[in-house]
Amino acid sequence: NALVIDGRAVAAGVRARVAREVATLPTPPGLATVLIGDDPASAIYVRNKRRQCAEAGMRDLHRHLPGEITQEAAAAVVDELASDPQVTGILLQLPLPPHLDAAALIERIPPEKDVDGLTERSTGRLALGRPGLRPCTPEGVMVLLDEIGAVLEGAHTVVVGRSNLVGKPMAQLLLQRNATVTVCHSRTRDLAAVCRTADVLVVAAGVPRLIGEDAVKPGAIVLDVGIHRTENGLCGDVDTDTVREIAGVVTPVPGGVGPMTIAMLLQNTLTAARENPIT
Ligand code: NAD
């Protein structure tokens, strides 16, 4: 039976370390979370981010904007935060109301404050292997892999999903660690056969229980990024009940990759503040 990684414990460890390091800074980092509109799921995510940011000793510089805000007015808010020296990190909570151009707003975030790692410059730096802020969820997966001492060099890693938020940056981070990387997506032929070749399988497809035991090599490390609400609570993209009979290591949903995302946001906010201290 597979080892089940306790993502909550690893995330708590990261948050505690960040809090200790924040306490040594002359000025606390300031994280500006921007929530546009009243999407209930986004409101919960932002509330958790703000709470954990405050618990780590950072300044919570939240902005809640009306859902009907114009592109120009939203851009003006991002510009103001971009030039505010008290703000060391900016997080624009996605998705935005459909009348807004999210990509254009993200591009107004200066790369040194881009704690979600989603601007073109941060993405380019990752692709080029240069230092920069990385997207939080794939970064959290890397921390979990290191926590269990996974050997990535030369290993065959398969990433299911190619979104800009998770799949693509995940593949880049694995490549940087000298893994052999295969990226699967909705047009991949015989997904299970490809996944069965993986020593490390990262699943971010957004399809409940897409990956079953037929798609897992015995002893493989399986990381489940998916989150779905069902009648019986949360589930992921992996059918964990059957997969754990075969895999060597699995992450549960909830309590696996999910808690790591906010922990890495705090880590990125600390990194951003260190590299561009408030003067
Ligand atoms: P997305 O919808 O933007 O991308 C999904 C990707 O999966 C696409 O590239 C698509 O080609 C691929 N895909 C879809 N169906 C497939 C199939 N049947 N076979 C193979 N590939 C398929 O989603 P996303 O933003 O990357 O998020 C993926 C999942 O991760 C979602 O469930 C989301 O809720 C979850 N998520 C969790 C966290 C976290 O903090 N744990 C963060 C972000 C996203």
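These numbers come from a predicted model, not from an experiment.

**As for the sheet that holds strand β7 (residues 180–184)**
Reasoning step 1: Pairing in this open sheet of 6 strands is parallel, and the strands run β1-β12-β9-β8-β6-β7 from one edge to the other. Single-partner strands in this sheet number two, and they are β1 (3–4) and β7.
Reasoning step 2: Lying over the sheet, helix α7 (residues 167–176) contacts β6 (156–160), β7 and β8 (200–203), oriented at roughly 170° with respect to β7.

**Here we look at helix α1 (residues 7–23)**
The α-helix advances 3.6 residues per turn, and as a result positions three or four apart in sequence lie on the same side.
Reasoning step 1: In this model α1 runs 24 Å from its N-terminal to its C-terminal C-alpha over 17 residues, within 8% of the 24 Å that 1.5 Å per residue would give.
Reasoning step 2: Buried residues of α1: Gly7, Val10, Ala11, Val14, Val18 and Val22, and no others. Buried residues in α1, looked at end-on, bunch into an arc of 115°, giving them a common side. Exposed and facing more than 90 degrees away from the buried side of α1 are Ala9, Arg20 and Ala23.
Reasoning step 3: For α1, the elements touching its buried residues are α6 (136–147) and α10 (258–275).

**Some points on the UniProt feature "domain: Tetrahydrofolate dehydrogenase/cyclohydrolase catalytic" (unreviewed entry) in the chain**
Reasoning step 1: Taken from the UniProt record, the annotation "domain: Tetrahydrofolate dehydrogenase/cyclohydrolase catalytic" (unreviewed entry) applies to residues 5–116.
Reasoning step 2: A helix fraction of 46% and a strand fraction of 14% characterise residues 5–116, whose end C-alpha atoms lie 24 Å from each other.

**A closer look at the domain arrangement of the chain**
Reasoning step 1: Examined at the domain level, the chain breaks down into domain 1 (26–110) and domain 2 (136–259).
Reasoning step 2: Computed from C-alpha coordinates alone, the two centres of domain 1 and domain 2 are separated by 29 Å.

**Here we look at the packing of α1 against α10**
Packed helices, taken two at a time, are described by the angle their axes make and the gap between the axes.
Reasoning step 1: At a minimum axis separation of 8 Å, α1 and α10 run at an interaxial angle of 15°. With respect to α10, the element α1 is oriented roughly parallel. Considering how the two elements wind past one another, α1 and α10 form a crossing that is left-handed. For the pair α1 and α10, the contacting residues are Gly7, Arg8, Val10, Ala11, Val14, Arg15, Val18, Glu21 and Val22 in the first and Gly258, Pro259, Met260, Ala263, Leu266, Gln267 and Leu270 in the second.

**Considering the nonpolar core**
Reasoning step 1: If you look at the biggest cluster of nonpolar residues, it comprises 75 residues, and the most contacted ones within it are Ile90, Leu201, Val202, Val203 and Val222.
Reasoning step 2: No other element matches α10, which puts 9 residues into this core.
Reasoning step 3: Mapped onto the domain boundaries, this core takes at least three residues apiece from domain 1 (26–110) and domain 2 (136–259).
Reasoning step 4: Setting aside residues no more than four positions away along its own chain, Val203 makes contact with Val160, Leu210, Ile211, Leu223, Asp224, Val225, Gly226, Asp237 and Val238.

What counts and what doesn't
Along each chain, residue indices are assigned from 1 in the same order as the chain's sequence is written. Given that this is a predicted model, residues contribute local features only at a pLDDT of at least 70 and side-chain atom pairs are listed and counted only at 80 or more, while totals for whole chains, interfaces and linings are drawn from all residues. In this scheme, strands are said to pair when DSSP sees at least two bridges between them. Here a strand is any run of E in DSSP of at least two residues, a helix any run of H or I of at least four, and the numbering for each starts at the N terminus. By the convention adopted here, residues are in contact when the distance between their C-beta atoms, placed from the backbone, does not exceed 7 Å. Fitted lines through C-alpha atoms give the axes, limited to the stretch in contact for helices. The angle between two N-to-C directions lies from 0 to 180 degrees. Residue count minus one, scaled by 1.5 Å, sets the expected span of a helix. Each residue is classified by how many other C-beta atoms fall within 10 Å of its C-beta atom, where C-beta atoms are placed from the backbone; a count of 20 or more means buried, 12 or fewer means exposed, and values in between mean partly exposed. Here the arc refers to the set of directions running from the helix axis out to each C-beta atom. UniProt positions are given in the numbering used here, feature names are shortened, and annotations may be inferred rather than shown by experiment. Throughout the structure description, domain borders are defined by an automatic or database domain assignment. When describing relative orientation, an angle under 35 degrees is termed roughly parallel and one over 145 degrees roughly antiparallel, while 65 to 115 degrees is termed roughly perpendicular and anything else oblique. Helix crossings get a hand from a simple test, with the near helix turned counterclockwise from the far one by less than a right angle marking a left-handed crossing and a clockwise turn marking a right-handed one. A set of buried Ala, Val, Leu, Ile, Met, Phe, Trp, Tyr and Cys residues, joined to one another through C-beta atoms within 7 Å, is what we call a nonpolar core.

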